[in-house]
Amino acid sequence: DVKVTQSSRYLVKRTGEKVFLECVQDMDHENMFWYRQDPGLGLRLIYFSYDVKMKEKGDIPEGYSVSREKKERFSLILESASTNQTSMYLCASSSPPAEEKLFFGSGTQLSVL
Amino acid sequence: KQEVTQIPAALSVPEGENLVLNCSFTDSAIYNLQWFRQDPGKGLTSLLLIQSSQREQTSGRLNASLDKSSGRSTLYIAASQPGDSATYLCAVLNSGYSTLTFGKGTMLLVSP
């Protein structure tokens, strides 16, 4: 079975801190995605990547950056965390073509105080 | 811009009932549609994927249909069980794009 692992289930950070959210998949998937999920707003795409060292902005990239140095790992970076970035963050991966199933990690609930 | 709507937002049924969840989308030019399940505080699990050329997909007690021309999909759950309680989301992959557009989900509660 495909496994998408997010490094933390719960994270509490202070405003202004630099935050790293890590995601690792074990199925050699080319495509990886970062979403955030908020009540009433649903899932929103932050960034995605179709290959190592490649990244594309999603719908809400402001305040975030990403890194994909290795195929299996896709990191989301909050350069200076703010309270409006408190959210559930979900990582996902899939193999090309893009029409294939999307596999999600368990999520990281981030609270920024 | 593609928009995906799921109705109802919440549904409560007694155990054993058959039920239908609805998903509609505004742009019929899609590659496929996926139905996901999400348990509270967890990630999403893909249940069924229907390609644009298909009319339906089945997995166990779940059956998903797709009517691309009318911009609608339904997820049918037969003989519902308390373990089916979760939020169900649909998502479409748009032609010419490479990312999914999600609905906001239907929260299902199946009571024993």
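In this report, we go over the structure that sits alongside the text. Just so it is clear, the model here is predicted, and its values are computed rather than measured.

1. Topic: the interface of chain B and chain A
By convention, interface size is frequently given as the accessible area that disappears when the constituent parts associate.
Right, so step 1: Listed as interface residues are 20 residues of chain B and, on the opposing side, 21 residues of chain A.
Right, so step 2: For the interface between chain B and chain A, the tally reads 0 salt bridges.
Right, so step 3: Counting only elements with at least two residues in the side of chain B that touches chain A, the list comes to strand E4 (30-38), strand E5 (44-51), strand E9 (86-94) and strand E10 (100-102) of chain B.

2. Here we look at the sheet that holds strand E3 (residues 19-25) of chain A
All names here are of chain A.
Right, so step 1: The antiparallel open sheet is built from 4 strands, whose spatial order is E1-E3-E8-E7. Each edge of the open sheet carries a strand with a single partner, namely strand E1 (4-6) and strand E7 (64-70). Neighbour-to-neighbour, the strand axes of this sheet turn through a mean angle of 20°, independent of strand direction.
Right, so step 2: Looking at chain direction, E1 and E3 are connected through 3 bridges and run antiparallel. The residue bridging Gln6 from the neighbouring strand is Cys23, located in E3.

3. Thoughts on the nonpolar core
Right, so step 1: Phe25, Leu33, Trp35, Leu75, Ile77, Tyr88 and Leu108 of chain B are the most contacted members of the largest nonpolar core, which has 23 residues in total.
Right, so step 2: Looking at this core, the elements with two or more residues in it are strand E3 (19-25), E4, E5, strand E7 (62-67), strand E8 (72-77), E9 and strand E11 (106-111) of chain B.
Right, so step 3: In terms of nonpolar packing, the next biggest core, distinct from the first, is built from 20 residues, Met32, Val66, Phe74 and Leu76 of chain A among them.

Scoring rules and cut-offs
Counting starts from 1 at the beginning of each chain's written sequence and moves along it residue by residue. Whichever chain is written first becomes A and whichever ligand is written first becomes 1, with later ones labelled in order. Where local features are concerned, this predicted model is filtered to residues with pLDDT of at least 70; where side-chain atom pairs are given and counted, the filter is 80 or more; whole-chain, interface and lining totals use all residues. For the side-chain quantities, the full set of heavy atoms in the structure was used; hydrogens and water were omitted. Note on definitions: a residue-residue contact is assigned when non-hydrogen atoms from the two residues lie within 4.5 Å. Salt bridge, as applied in this entry: a Lys or Arg side-chain nitrogen positioned within 4 Å of an Asp or Glu carboxyl oxygen. Strands are runs of DSSP state E lasting at least 2 residues, helices are runs of H or I lasting at least 4, and numbering of each runs from the N terminus. Whether two strands pair depends on DSSP finding at least two bridges between them. Lines fitted to the C-alpha atoms define the axes, with helices restricted to the stretch that makes contact. Angles between their N-to-C directions range from 0 to 180 degrees. Nonpolar core, defined: a set of buried Ala, Val, Leu, Ile, Met, Phe, Trp, Tyr and Cys residues in which side-chain atoms within 4.5 Å join the residues together. The rule is simple: take the accessible area with a 1.4 Å probe, protein chains only, and divide by the maximum for that residue type; under 20% is buried, over 50% is exposed, in between is partly exposed.

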